[in-house]
Amino acid sequence: MKKQIFSTLVLSIGILLPFSLHSQEQRKKVGVVLSGGGAKGMAHIKALKVIEEAGIPIDYIAGTSMGAIVGGLYAIGYTTEQLDSMVRKQDWAFLLSDRIKRSAMSLTDRERSEKYTISIPFTKTPKDAATGGLMKGKNLANLFSELTVGYHDSINFNKLPIPFACVAANIVNGEQIVFHDGILSTAMRASMAIPGVFTPVRQDSMVLVDGGIVNNYPADVVKAMGADIIIGVDVQNALKKADKLNSVPDILGQIVDITCQSNHEKNVDLTDTYIRVNVEGYSSASFTPAAIDTLMRRGEEAAKEQWNSLLALKKKIGIAEDYTPKQHGPYSSLSNARTVYVTDISFSGVEVNDKKWLMKKCNLKENSDITTQQIEQALYQLRGSQFYSSASYTLKETPEGYHLNFLLQEKYERRINLGIRFDSEEIASLLVNATADLKTHIPSRLSLTGRLGKRYAARIDYTLEPMQQRNFNFSYMFQYNDINIYEEGDRAYNTTYKYHLAEFGFSDVWYKNFRFGLGLRFEYYKYKDFLFKKTEISDLKVESEHFLSYYAQVQYNTYDKGRFPSKGSDFRAAYSLYTDNMAQYNEHAPFSALNASWASVIPVTRRFSVIPSIYGRILIGRDFPYPLQNAIGGDVPGFYIPQQLPFAGVTNLELMDNTIMIASIKFRQRMGAIHYLTLTGNYGLTNSNFFDILKGKQLFGVSAGYGMDSIFGPLEISLGYSNQTDKGSCYVNLGYYF
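Here is what the cut-offs are and how they apply
Residues numbered from 1 in each chain as written. Predicted model: local features only at pLDDT ≥ 70, side-chain atom pairs only at ≥ 80, totals over all residues. Heavy atoms only, no water. Helix = DSSP H or I, 4+ residues; strand = E, 2+ residues; numbered from the N terminus. Buried < 20%, exposed > 50% of the residue type's maximum accessible area, 1.4 Å probe, protein only. UniProt positions renumbered as here; feature names shortened; annotations may be inferred. Salt bridge = Lys/Arg side-chain N within 4 Å of Asp/Glu carboxyl O. Arc of directions from axis to C-beta. Contact = heavy atoms within 4.5 Å. Patch = residues over 30% accessible without salt bridge, like charges linked within 9 Å, V, L, I, M, F, W, Y side chains within 5 Å. Areas by Shrake-Rupley, 256 points an atom, 1.4 Å probe, with all protein chains shown as cover. Core = buried A, V, L, I, M, F, W, Y, C linked by side-chain atoms within 4.5 Å. Domains from an automatic or database assignment. Axes fitted to C-alpha atoms, helices over the stretch in contact; angles between N-to-C directions. Left-handed = near helix turned anticlockwise from the far one by under 90°. Nonpolar A, V, L, I, M, F, W, Y, C, P; charged D, E, K, R; others polar. Phe/Tyr/Trp six-rings, centres within 6.5 Å; stacked < 30°, edge-to-face > 60°.

**Structural notes on the overall build of the chain**
Within the chain, the secondary structure is distributed over 16 helices and 36 strands. Counting only residues that meet the buried cut, the chain has 50% of its 738 residues in that class.

Pasting the structure below:
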């Protein structure tokens, strides 16, 4: 009896199974198409979520521009929850630029970035430019590489968890290029290369840009892949009427939208369920957190408006109303904890002898487990190098493990840099710099700098860099100074003089944050006029004078920002030995100057920080000349003269004794994202003799200020008081200090 029942069951399964399999094979295939639209494409994420909730299987997916990015990531297994989390945590202002994270910059590059407001590349030949866009898009490209670990080889996109295709345009002949294979991150990058904004992707003889100019809603592409049923999500703006085209942005936006209308109506006709998202009020550049949140919500709302249509598709597809597709994803590489076993590492575009140095710099080892976070940090290190203008990577899987290859582009740049500053003392100052990397046997750089304003200057630097971050610098500077000298808050006199500086120096940077240098300086002070306001010092006689000095200096800096840091420390020290003939000064032993400073940011809360600091300068020897006397004033060191030390409540230049020591504490509260309130207190001692410093004159100063980290540099307004001036002070500044 049992054998009979068993035989009956086997027979029944044998009869029903083919019908079941045939039924599954016969269901119609579903394709999803995602349009381009820049930031508006965030709506795709929640629209996909609704399609999943409706129980619709997705067999193919195709997209253009942002639709290609969302579609490509979804195709390899990212869930809508992962995509939602990923887009919200990104720093889009950073991604949509070619900026390098400050933590990856050398000290020299950090100082340069905090001096110039505008940097413009220039070149004589188009070949050197080789960009074709305002931005190279390297930060986005690196993000795509990070998000697609495991798909860095040239692969067939039809073999992804969900077969995928994306569209780009070849501007050589205007043809549509549909990516069905290749390196996934490269295909996504090509599809979103907005002409004129991002550098095109060059592949073979093609120059590829955003596919939106030829097919922004590629329903025909997903149909050609084999889709019988097409669901489309469209985030394009509707064309504006004549009365709405009243400004340049309106007209340019309309031109873009018209360009993206190619084949649009025909492709909409191919769509079974058309989800049109309301994107009114938003543009392709709406990457703010509030805009992203609203756009995703609108994507979900638009998809739910088509809920009945989606459910009706189930019958058309040939599946039951309660059909539940196989769970999608998740993609396991989203976390930076993801590791891959790397058997060997290579650097293309780099001399073989430099590999060992680069491996050490990037803290990577062959035949070891490496996290995606380590690879990302290595990229920032390489991009922060003065030798490479861009860096990306590929991971190729082998039976033994992965081969990691960094693609480096040698930096050969010529740039014009501009800095501008307004303040209540000098009114306006302009800094103009032209820098060119030279193609010499030993890498070198030529830099010309001019400063315009009440105090004007010209400087030329020639730098040899035989090894990365290690250089020899030859420089000459001429400066004209017109400075008011104050005494206890009242203007004592005005001095004008010409300053000449010639310098040869060597510097080396260790671990990005520590730099030391030494060298030889020639300085000549040629005094012209002294206009005295206080008659009791009118007998002051200052002769023109030259100095030959030897110097050594060190600096350690880990600030996360230049002007308003929220964490990190800064330490500086310098020693100079002054002579007038390389051995003596005034026919006796030379004198010297020692200065040092330390400051650290102590974050108490996420927004509130305490910043203690101590700094000072000591003259050692005798017969100290007038040009090198100690001085205080202002909010930054070296504002008027190199040896000037900042002091709260003193906005002008006040001369001090031979020894001065200052302690400072700042309380800083961040308001919003870029606004700061700062309360500063200073205490100082000054005396002619270092060993009697505790008996010296006591200095007190306080100030309260508002600051804003603007795109033009820091905007600061401060009110202060000091017992040195015995009066209140007010200072206003906009722009970087130089």
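**Regarding the UniProt feature "short sequence motif: GXGXXG" (unreviewed entry) in the chain**
Under the feature "short sequence motif: GXGXXG" (unreviewed entry), the UniProt entry names residues 36–41. Regarding residues 36–41, the helix share stands at 0% and the strand share at 0%, and the terminal C-alpha atoms are separated by 6 Å.

**Some details on the pattern of salt bridges**
One pass over the structure, following the stated rule, counts 26 salt bridges. Its salt-bridge partner being Glu111, residue Arg515 comes within 2.6 Å of it at the nearest N-O pair. Of the two residues, Arg515 sits in strand β24 (residues 514–532) while Glu111 sits in helix α6 (residues 107–113), which places them 404 residues apart along the sequence. A residue is classified by how much of its surface remains accessible, and Arg515, at 16% relative accessible area, is buried. For the salt bridge of Asp709 with Lys561, the shortest nitrogen-to-oxygen distance reads 2.6 Å. Linking Asp709 in strand β34 (residues 697–710) with Lys561 in the loop between β25 (545–557) and β26 (568–579), this pair joins segments that are 148 residues apart in sequence.

**Thoughts on helix α15 (residues 355–362)**
When α15 is considered as a whole, its buried residues turn out to be Leu358, Met359 and Cys362. With its buried residues spanning 105° around the axis, α15 presents them on a single face. Exposed residues lying more than 90 degrees from the buried face of α15 are Lys356 and Lys360. Count one or two residues on from α15 and you reach Asn363, which has phi positive near 55°.

**Structural notes on unusual backbone geometry**
For the peptide bond that leads from Gly329 to Pro330, omega is -5°, which places it in the cis range. Its location among the elements puts Pro330 in the loop between α14 (307–317) and β14 (339–348). Positive phi, normally seen in glycine, also occurs at Asn367, with a value near 55°. For Asn367, the position within the fold is in the loop between α15 and β15 (368–371). A positive phi is found at Asp623, a non-glycine position, where the angle reads about 55°. Counting through the fold element by element, Asp623 comes out in the loop between β28 (608–620) and β29 (631–632).

**Let's talk about the side chain of Asn471**
With respect to the helices and strands, Asn471 occurs in strand β22 (residues 470–487). If we skip the residues at most four places from it in the chain, Asn471 touches Thr463, Leu464, Glu465, Gly505, Phe506 and Ser507.

**Some points on a nonpolar patch on the surface**
Nonpolar side chains collect at one region of the surface, where Ile118, Ile120, Phe122, Ile416 and Val432 lie side by side and expose about 370 Å² of accessible area between them. Note that Ile118 resides in strand β3 (residues 118–121).

**Structural notes on the side chain of Gln479**
Looking at the secondary structure, you find Gln479 in strand β22. According to the relative accessible area criterion, Gln479 is buried, its value standing at 14%. Once residues lying within four places of it in the same chain are set aside, the contact partners of Gln479 are Arg455, Tyr456, Ala457, Tyr497, Lys498 and Tyr499.

**Concerning the nonpolar core**
Counting 92 residues, the largest nonpolar core has Met42, Leu73, Phe179, Ile231, Ile345, Leu404 and Phe406 as its most contacted members. Broken down by element, the residue count for this core peaks at seven residues, all from helix α3 (residues 66–75). Both of domain 1 (30–98 + 136–317) and domain 2 (339–410) provide at least three residues apiece to this core. Beyond its immediate sequence surroundings of up to four residues, Phe179 is in contact with Phe157, Phe164, Ala165, Cys166, Ala168, Ala187, Ala190, Gln203 and Leu208.

**What about the packing of helix α2 (residues 43–53) against helix α13 (residues 289–305)?**
Contact geometry for α2 and α13: axes closest at 6 Å, N-to-C directions at 35°. At the point where α2 passes α13, the crossing takes the right-handed sense. Contacts between α2 and α13 involve Ala43, Ile45, Lys46, Ala47, Lys49, Val50 and Glu53 from the first element and Leu295, Met296, Gly299, Glu300, Ala303 and Lys304 from the second. A class-by-class count of the residues in the contact of α2 with α13 yields seven nonpolar, one polar and five charged.

**Quick notes on the packing of aromatic side chains**
Within a pair of aromatic rings, the relevant descriptors are the distance that separates the centres and the angle that separates the planes. One pass over the structure, following the stated rule, counts 33 aromatic pairs. Ring centres 5.7 Å apart and planes at 35° place the aromatic pair Tyr527 and Phe530 in the tilted group. Between Tyr578 and Phe591, the aromatic rings sit 5.1 Å apart at their centres with planes inclined by 10°, giving stacked as the arrangement. With a gap of 13 residues between them, Tyr578 in strand β26 and Phe591 in strand β27 (residues 591–603) connect regions that are remote in the sequence. When its relative accessible area of 1% is taken as the criterion, Phe591 is described as buried.

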